[in-house]
Amino acid sequence: MDRSGIFEGDDPFAIARAWLTEAEAQEPNDPNAIALATVDPQGMPNVRMVLLKEIEDDAFVFYTNYGSAKGQEIAASGKAAFVLHWKSLRRQIRVRGSVTREDGPKADAYFASRSLKSRLGAWASRQSEPLSSREALLAEAARVAVTKGPNPPRPPFWGGFRITPVEIEFWADGAFRLHDRFRWRRIDQGSAWDITRLNP
Ligand SMILES: Cc1cc2nc3c(=O)[nH]c(=O)nc-3n(C[C@H](O)[C@H](O)[C@H](O)COP(=O)(O)O)c2cc1C
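Residues numbered from 1 in each chain as written. Predicted model: local features only at pLDDT ≥ 70, side-chain atom pairs only at ≥ 80, totals over all residues. Heavy atoms only, no water.

Our next topic: the overall build of the protein chain. If you tally the helices and strands in the protein chain, you get five helices and eight strands. The N-to-C order of helical and strand elements in the protein chain reads α-β-β-β-α-β-β-α-α-α-β-β-β. In terms of principal-axis extent, the alpha carbons of the protein chain reach across some 60 × 35 × 30 Å. Here the protein chain holds 200 residues, and 43% of them are scored as buried. In the protein chain, the proportion of contacts linking residues at least 24 apart, taken out of those at least 6 apart, comes to 62%. Total accessible area on the protein chain stands at roughly 11,200 Å², and carbon and sulfur atoms take up 52% of it. Computing the positive centroid from 28 side-chain charges and the negative centroid from 26, the protein chain places the two 5 Å apart. (Helix = DSSP H or I, 4+ residues; strand = E, 2+ residues; numbered from the N terminus. Buried < 20%, exposed > 50% of the residue type's maximum accessible area, 1.4 Å probe, protein only. Contact = heavy atoms within 4.5 Å. Areas by Shrake-Rupley, 256 points an atom, 1.4 Å probe, with all protein chains shown as cover. Lys, Arg positive; Asp, Glu negative; His and termini not counted. Charge placed at Lys NZ, Arg CZ, Asp CG, Glu CD.)

Listed below in structure tokens is the structure:
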């Protein structure tokens, strides 16, 4: 297949890492921001931005509140999709896959790496539930600062999700809208991929 340059190699995670590294040098804000899509039990789609925190050997990891809308939707469906789009690079990566929790030592370590205010914020926010006022949130943050102290543990309702892709697509802008698209599709849920060039 005529695949070279920025699409070089057969490991889609290596390509994703390389593209993200390039984006980190160019994007002024949050080059790791992804639009994360889920569906509710009625099949109604939902989408919001989250930060991609790690590209592992075979999966993508982000962190959130398990009780949030996205957390509940993922718990019910076990699936999610996301897109990474870099305006300055004119590239996107699309991912679809199954989702499991990352709520072990890795989540503990990531939580511990966050600023104290962020850690307390995670304790204070019942993400996606109604909130009577900003003052109520600030009061809750002040309360947990006292009850949890200067070294709060990771809340049991907060942690990571790991998306293991069944499909990854790389898209790069081409002249006259003749863009390049390559799709990696997992073969029979194994570790091998079918790689296909797609029409733009
Ligand atoms: C650039 C950006 C990054 C964000 N990163 C996260 C994140 O990593 N985790 C998270 O829970 N929410 C993050 N948010 C907030 C979410 O978009 C969303 O408002 C929140 O998670 C609640 O979504 P839900 O009600 O669909 O669960 C981010 C928002 C923006 C704009």
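Under the counting rule described, the total for this entry stands at 14 aromatic pairs. The ring of Phe182 has Arg3 sitting right over it, with the charged end atom 5.9 Å from the ring centre. (Phe/Tyr/Trp six-rings, centres within 6.5 Å; stacked < 30°, edge-to-face > 60°. Lys NZ or Arg CZ within 6 Å of the ring centre and 35° of its normal.)

Next up on the list: the site of the ligand. The full set of residues close to the ligand is Asp30, Arg48, Met49, Val50, Leu51, Tyr63, Thr64, Ser68, Ala69, Lys70, Gln127 and Ser128. At 2.6 Å from an oxygen atom of the ligand is found a main-chain nitrogen or oxygen belonging to Met49. Within the backbone of Ala69, an N or O atom sits 3.2 Å from an oxygen atom of the ligand. Considered on its own, the ligand offers 620 Å² of accessible surface; in the complex 63% of this is hidden by protein. Breaking the shell around the ligand down by element, the ones donating at least two residues are β2 (45–55), β3 (60–65) and α2 (69–77). Considering each element in turn, the shell around the ligand owes the most residues, four residues, to β2. In terms of residue class, the shell around the ligand is made up of five nonpolar, four polar and three charged. (Near = heavy atom within 4 Å. Polar contact = N/O pair within 3.5 Å; in protein donor to acceptor, adjacent residues only side chain to side chain. Nonpolar A, V, L, I, M, F, W, Y, C, P; charged D, E, K, R; others polar.)

This part covers the pairing of strand β7 (residues 180–186). β7 sits mainly inside the fold: five of its seven residues count as buried. Here six bridges tie strand β6 (residues 158–172) to β7, and the two strands are oriented antiparallel to one another. Bridge assignment links Trp171 to a residue of β7, and that residue is Arg181. Bridge analysis of β7 against strand β8 (residues 193–198) gives six bridges, and the strand direction is antiparallel. Across the sheet, residue Arg186 finds its bridge partner in β8, namely Trp193. Taking the residues between adjacent antiparallel strands as the criterion, β7 and β8 are bridged by six residues, where Asp188 takes a positive phi near 50°. (Pairing = 2+ DSSP bridges.)

Let's shift gears to helix α1 (residues 12–26). Between its first and last C-alpha atoms α1 spans 21 Å; for 15 residues at 1.5 Å apiece the expected length is 21 Å, and the two agree. If you check the start of α1, you find a side-chain oxygen 2.9 Å away from the backbone N of Phe13, and it comes from Asp11. (Expected span 1.5 Å × (residues − 1).)

Here we take up the nonpolar core. By size, the foremost hydrophobic cluster in this structure holds 33 residues, and its most contacted members are Phe60, Ile93, Ile168 and Phe170. Setting aside chain neighbours within four positions, we find Phe170 in contact with Phe7, Pro12, Ile15, Ala16, Trp19, Gln92, Ile93, Asp180, Arg181, Phe182 and Trp184. Judged by nonpolar contacts, the second largest core, of 11 residues, contains Tyr63, Phe111, Val144 and Trp158. (Core = buried A, V, L, I, M, F, W, Y, C linked by side-chain atoms within 4.5 Å.)

Further remarks concern the side chain of Arg119. As for its position among the elements, Arg119 is in helix α4 (residues 116–124). Setting aside residues up to four positions removed in sequence, Arg119 forms contacts with Phe111, Ala112, Arg114, Pro150, Asn151 and Pro152.

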